[in-house]
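Chain by chain, the residues run as shown.
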Amino acid sequence: MTLSDPVRVFDDAPAVVGLDPALLAALRRAATDAGIEFVVNSGRRSPEYQAELYRAAVSKYGSEAEAARWVATPGTSAHVSGDAVDIGPAEARAWLSEHGAAYGLCQIYRNEPWHFELRPEAARHGCPPMYPDPTHDPRMR
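Predicted model only: the values in this text are computed from it and were never measured. The numbering scheme is per chain: residues are counted from 1 as the chain's sequence reads. For this predicted model, a pLDDT threshold of at least 70 governs which residues receive local features, and a threshold of 80 or more governs which side-chain atom pairs are given and counted, while totals over whole chains, interfaces and linings are taken from all residues. Neither water nor hydrogens contribute to the side-chain values; these are computed over all heavy atoms in the structure.

A.B. asks: Teacher, can you tell me more about the nonpolar core here?
C.D. replies: Soluble, globular proteins show a tendency: their nonpolar side chains are buried together. Put simply, buried Ala, Val, Leu, Ile, Met, Phe, Trp, Tyr and Cys residues joined by side-chain atoms within 4.5 Å make one nonpolar core. Exposure classes here rest on a 1.4 Å probe applied to the protein chains alone. A residue is buried below 20% of its type maximum, exposed above 50%, and partly exposed in between. Formed by 24 residues in total, the largest nonpolar core has its most connected members in Leu27, Phe38, Val85, Ile87, Trp95, Leu96 and Leu105. The helix count covers DSSP runs of H or I at least four residues long, the strand count covers runs of E at least two residues long, and both are numbered beginning at the N terminus. For this core, the secondary structure elements donating two or more residues are α2 (21–34), β3 (84–88), α5 (90–99) and β5 (115–118). Examining the composition of this core, we find that seven residues originate from one element, α2, more than from any other.

A.B. asks: Mind showing me how you'd approach α5 here?
C.D. replies: Structurally, the α-helix is built with 3.6 residues per turn, so residues lying three or four positions apart point the same way. Ala92, Trp95 and Leu96 are the residues of α5 that are buried. Buried residues of α5, seen end-on, are gathered within an arc of 95° and therefore sit on one face of the element. Arc definition: it is the arc formed by the directions from the helix axis to the C-beta atoms.

A.B. asks: Mind showing me how you'd approach α2 here?
C.D. replies: One less than the number of residues in a helix, times 1.5 Å, gives the span that helix is expected to have. Relative to the 20 Å expected for 14 residues at 1.5 Å per residue, α2 spans 20 Å between its end C-alpha atoms, a close match to the ideal helical length. Within α2 the residues assigned to the buried category are Leu23, Leu24, Ala26, Leu27, Ala30, Ala31 and Ala34. All buried residues of α2 lie within an arc of 160° about the axis, which places them on one face of the element. Facing away from the buried side of α2, by more than 90 degrees, are the exposed residues Pro21, Thr32 and Asp33. Here, residues are in contact when the closest pair of their heavy atoms is within 4.5 Å. Packing partners of the buried residues in α2 comprise α1 (14–17), β3, α5, β4 (105–107) and β5. Looking at where α2 begins, the residue whose side-chain oxygen comes 3.0 Å from the main-chain nitrogen of Ala22 is Asp20. The first or second residue beyond α2 is Gly35, which carries a positive phi of 70°. We call two N or O atoms a polar contact when they sit within 3.5 Å, provided that within protein one can donate a hydrogen and the other can accept it, with sequence-adjacent residues counted only if both atoms are side-chain atoms.

A.B. asks: Which parts of the structure should I look at to understand the state of the cysteines?
C.D. replies: Cysteine sulfur atoms are paired as a disulfide whenever they come within 2.5 Å of each other. The final tally for this structure, using the stated rule, is one disulfide. Linked covalently through their sulfurs, Cys106 and Cys127 form a disulfide whose S-S length is 2.1 Å. Between Cys106 and Cys127, the S-S dihedral sits near -85°, and the bridge is therefore left-handed. On the criterion of sequence distance, the pair formed by Cys106 in strand β4 and Cys127 in the segment after α6 (122–125) is long-range, its members being 21 residues apart.

Take a look at the structure:
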């Protein structure tokens, strides 16, 4: 298994158990209540792996500015800190898009419908508006 291999949200894999404990607990509650399998396509990442992903994105998209729309640097990635998770399959993403706020699980970027982060206040106030892409997120600066 590589760091990018998908695993289930209940698996004891580094990408899953390395997530922030509150995020992981919310994901597991949501998956249980949904009654469908949530797959972690990407969870906690090492800074080295994030750097590898970023370099590949620069190569693919032709510039750091364009790559930043899809992949954060190791110093800004919420995946490196264990605060973000990419969820699949489409059925799980659709369920989370509709019901995730009740668990504090919110989509953050409009261009990444698979990317969720914990926003505990969402259970009372709903998820905040999505950024068009990570370049609009002030945390990425």
